[in-house]
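# Summary of structural features
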Amino acid sequence: MLDHCSISHKGGMVLWSRSFTPAASQTAGSAASPVNSLIREALVEGRTTDDRYEKDGYAVKWTFVNDLELIFVVAYQRILQLTYVDDLLAALKTLFVKLFEPFLATFVASLHAVSTTKLSASANTLANSWNFSKAFDTWDAVFDKVLRGLEDKAAQDRRTRVNYTHPAIDSSPPSDDLGTVPSHSGAVVLDEEQIARNVQALKNRLRGRGARAGRRGSGRADAGSGRDSLPGSDSDTPSKRKPKAKAQRKWGDEAPSESDMASLDFSYEKPDSVSNGNSRPLDLSALVDKGSLGIRNQEGLYEVKDWEFSSSKDGTSDVVSEVIKNSAHGTTASTPSGSLGALGSIFARLTGSKVLTESDLKPVLEGMKQHLMKKNVAKEISEKVCEGVGESLIGKKVGGFQTTNAAVRLALSTSLTRILTPKTSTDLLLSIRTKLSSPLPSTQQRLPYSITFVGVNGVGKSTNLSKVCFWLIQNGLRVLIAACDTFRSGAVEQLRVHVRNLSMLGVNGATNSKGKVELYERGYGKDAAGIAKEAITYAKDNDFDVVLIDTAGRMQDNEPLMRALAKLVATNNPDKILFVGEALVGNEAVDQLTKFDRALRDFSASSGGQERGIDGMLVTKWDTVDDKVGAALSMTYVTGQPIVFVGCGQTYTDLRQLRVANVVQAILSD
């Protein structure tokens, strides 16, 4: 049974709708309506990951009529397995357009006239001037007839499946005729005997191997003969020798003492060596790249640079438009070597005043999918993006090369831009300053802004945490780094070296940053959630502005470690949870982000805290992929969260921001 069905214009006006339950009638016009949620969360953002959308127990399916800008939507209870919904949408789409196409064409033309001539009448006023109930007065009967027919057909199919009878099995008693008794063939008997011999030979071979290992070669038997190789008498029994213990290796004449080990530990700054002038001076130029330093804005805030992709020689960002232009002018220029470059002949056939159909666009979309996959976009994401572009192009009229070029370029660019555009602010510094400047009661002490870095092993969480720390220090904030990676050997020492280096880098001409950054650590083998809580308390008592929480790397399928991470999140409720991922991954990015986000949401809620997921991404090793930046599209598509920073080097200044236009340009370039 359906709950709701509606036909609306892409501009937001509902032409016809019907609710089948009281609950659906009450929510039909509210923001909680499944149809409104579909438009807001799936269609507008372009993040439809399946052929249907689910929200609050409802399953929603839809279809488009692009030339008339119509959307047909059907909503029903998710628990119901309605097999006729796709057929219903196809039938409604065909019949509605066939019955009311003149009226719909006039209506759409009037809407375009309003938008182009900027008339004073609003869209709502125009919609009220059209009497939809009168125009579609015959549609209710048509809809009821179609729905009743499909429901009856589905019921008939169910009855057919239930009443299906299996072929009768002959239950007659066995005959006394010996001729009807099945006889065992000799081949089967021989196979069974051969199997028995093989099993026995295998046992003999294993026993022979154990005897040879004990006797060191005495009484060897042919392993392939299958004969028993056990010793024939007690005199052949090998004598057991005590294995010689391996001597421990010593690095020198004697084991290192505690003083020797302390002299080899360079993670601490030796106060006695500093006072004696024996300390090795630190090369600050190796820590900061002057060419990659950020800039100061008008307010004096330090901003990291934007990542700039290498521009192509011809300055174009769209290989599709370049191929079409060359084909239109009949040039003999060489076709680009990329996958989209080979589609020039396909687009050349899309000329004349015609309506694009699915068969016309199928080869084009396939080439587009291959191009996105070559740009390191995950296969599943490439397919969904191409499906969305195809849905927006089917039914569009093209009138020549330039029209086709504009339609394809606009659809692909719009889809990528809509996916990559963040829903929330990426200005992390604004969020920090807002929290630190918000008024509090006099009896309440202000908590520092906390950021937790999570991710799989070896992606560069600690290194990029230190880059973010340098950026915060340059903006005059005091930062406390919490060493919550209590598992990996050297994790605490690595952060200690970063803190020492950061404290020696100046801010606005100062000689050092001592007092701006500290490390809070409790060694190894401790509870990470407890250390993070202690660090936040320490930061609150000592007037730190930001706490950066470093966590141990873990694989997304390791449930115990994911539960421990969710415990840290539920216990401390950080302001931001940043997922640190590599730009080198393709399909793996989808799996990592999906499982991290889902595990955090499930386990944090079950731990007694509020449900928390990934709030943003920090993509590392960005300088190794050139223009193959598909990981950014995959990560943003999966979570809907923005990429806050990208890491692009080994110094503290190698941190960049991404601009949506630059990423789209890199993805479209050949």
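Presented here is an overview of the structure given in this document.

For the rest of this paragraph, the subject is the overall build of the protein. Scanning the protein from N- to C-terminus turns up 22 helices and 17 strands. Split into buried and exposed, the 670 residues of the protein put 42% on the buried side. Residue pairs at least 24 apart in sequence account for 71% of intrachain contacts in the protein once pairs closer than 6 positions are excluded. As presented, the protein carries roughly 36,800 Å² of accessible surface, and 52% of it is formed by carbon and sulfur atoms.

Read across the sheet, 8 strands follow the order E12-E11-E13-E10-E14-E15-E16-E17 without closing on themselves; strand pairing throughout is mixed. The outermost strands of the open sheet, each flanked by one partner alone, are strand E12 (517-520) and strand E17 (655-656). Sheet strands touched by helix H20 (residues 587-606): strand E10 (449-454), strand E14 (576-582) and strand E15 (616-620). Its angle to E14, the strand with the most contacts, is close to 155°.

We now examine the packing of helix H18 (residues 528-541) against helix H19 (residues 559-572). Contact geometry of H18 with H19 gives a least axis separation of 8 Å together with a crossing angle of 30°. With respect to their mutual orientation, H18 and H19 come out roughly parallel. When the axes of H18 and H19 are compared, the crossing they make is right-handed. Each of Ala 528, Ala 529, Ala 532, Lys 533 and Ile 536 in H18 lies in contact with H19, whose residues at this interface are Lys 567, Leu 568, Thr 571 and Asn 572. Across the contact of H18 with H19, the residue classes tally to 5 nonpolar, 2 polar and 2 charged.

Let us now look at empty space enclosed by the protein. Inspection of every chain in the model, using the stated rule, returns 3 cavities of 30 Å³ or more. Considered as a void within the structure, the largest cavity measures approximately 40 Å³ in volume. Ser 425, Thr 426, Asp 427, Leu 428, Lys 576, Leu 578 and Val 644 together form the lining of the largest cavity.

With that settled, consider a nonpolar patch on the surface. Taken together, Met 1, Ile 79 and Leu 80 make up a surface patch of nonpolar side chains, about 330 Å² in accessible area. Position of Ile 79 relative to the elements: it lies in the loop between strand E5 (70-77) and helix H3 (85-117). On the accessibility criterion, Ile 79 (73% relative accessible area) is exposed.

Enumeration according to the criterion identifies 22 salt bridges in this entry. Between Lys 595 and Asp 591 there is a salt bridge, with the nearest N and O atoms lying 3.3 Å from each other. Placement of both Lys 595 and Asp 591 in helix H20 is noted, with a separation of 4 residues, approximately one turn of the helix. Residues participating in the shared-partner salt-bridge network are Arg 18, Asp 140 and Asp 144.

When two helices pack together, their arrangement is given by the angle between their axes and by how far apart the axes lie. Between helix H13 (residues 379-393) and helix H21 (residues 630-639), the shortest axis-to-axis distance is 10 Å and the interhelical angle comes to 75°. On the basis of the axis angle, H13 is roughly perpendicular to H21. Residue-level inspection shows Ile 381, Lys 384 and Val 385 of H13 in contact with H21, the latter providing Ser 634, Tyr 637 and Val 638. In terms of residue class, the contact of H13 with H21 is made up of 4 nonpolar, 1 polar and 1 charged.

What follows deals with the packing of aromatic side chains. Within this structure, the stated rule accounts for 19 aromatic pairs. Measuring from centroid to centroid gives 6.2 Å for Phe 20 and Phe 143, while their planes differ by 35°, and the two rings are tilted. Of this pair, Phe 20 sits in the loop between strand E2 (14-19) and helix H1 (22-27) while Phe 143 sits in helix H6 (residues 139-162), placing them 123 residues apart in sequence. The exposure class of Phe 143 is buried, given its relative accessible area of 0%. An aromatic cluster is built from Trp 16, Phe 20, Phe 72, Phe 96, Phe 100, Phe 103, Phe 107, Phe 132, Phe 136, Trp 139 and Phe 143, whose rings are joined through pairwise contacts. One Lys or Arg, Arg 478, reaches over the ring of Phe 544 and ends 4.0 Å from the middle of that ring.

Thresholds, definitions, all that
Residues numbered from 1 in each chain as written. Predicted model: local features only at pLDDT ≥ 70, side-chain atom pairs only at ≥ 80, totals over all residues. Heavy atoms only, no water. Helix = DSSP H or I, 4+ residues; strand = E, 2+ residues; numbered from the N terminus. Buried < 20%, exposed > 50% of the residue type's maximum accessible area, 1.4 Å probe, protein only. Contact = heavy atoms within 4.5 Å. Areas by Shrake-Rupley, 256 points an atom, 1.4 Å probe, with all protein chains shown as cover. Pairing = 2+ DSSP bridges. Axes fitted to C-alpha atoms, helices over the stretch in contact; angles between N-to-C directions. Parallel < 35°, antiparallel > 145°, perpendicular 65-115°, else oblique. Left-handed = near helix turned anticlockwise from the far one by under 90°. Nonpolar A, V, L, I, M, F, W, Y, C, P; charged D, E, K, R; others polar. 1 Å grid on protein atoms, 1.4 Å probe; cavity = no way out; pocket = protein on both sides within 12 Å on 5 of 7 lines; lining within 4 Å. Points joined across faces, edges and corners; volume = space filled by probe spheres on them. Patch = residues over 30% accessible without salt bridge, like charges linked within 9 Å, V, L, I, M, F, W, Y side chains within 5 Å. Salt bridge = Lys/Arg side-chain N within 4 Å of Asp/Glu carboxyl O. Phe/Tyr/Trp six-rings, centres within 6.5 Å; stacked < 30°, edge-to-face > 60°. Lys NZ or Arg CZ within 6 Å of the ring centre and 35° of its normal.

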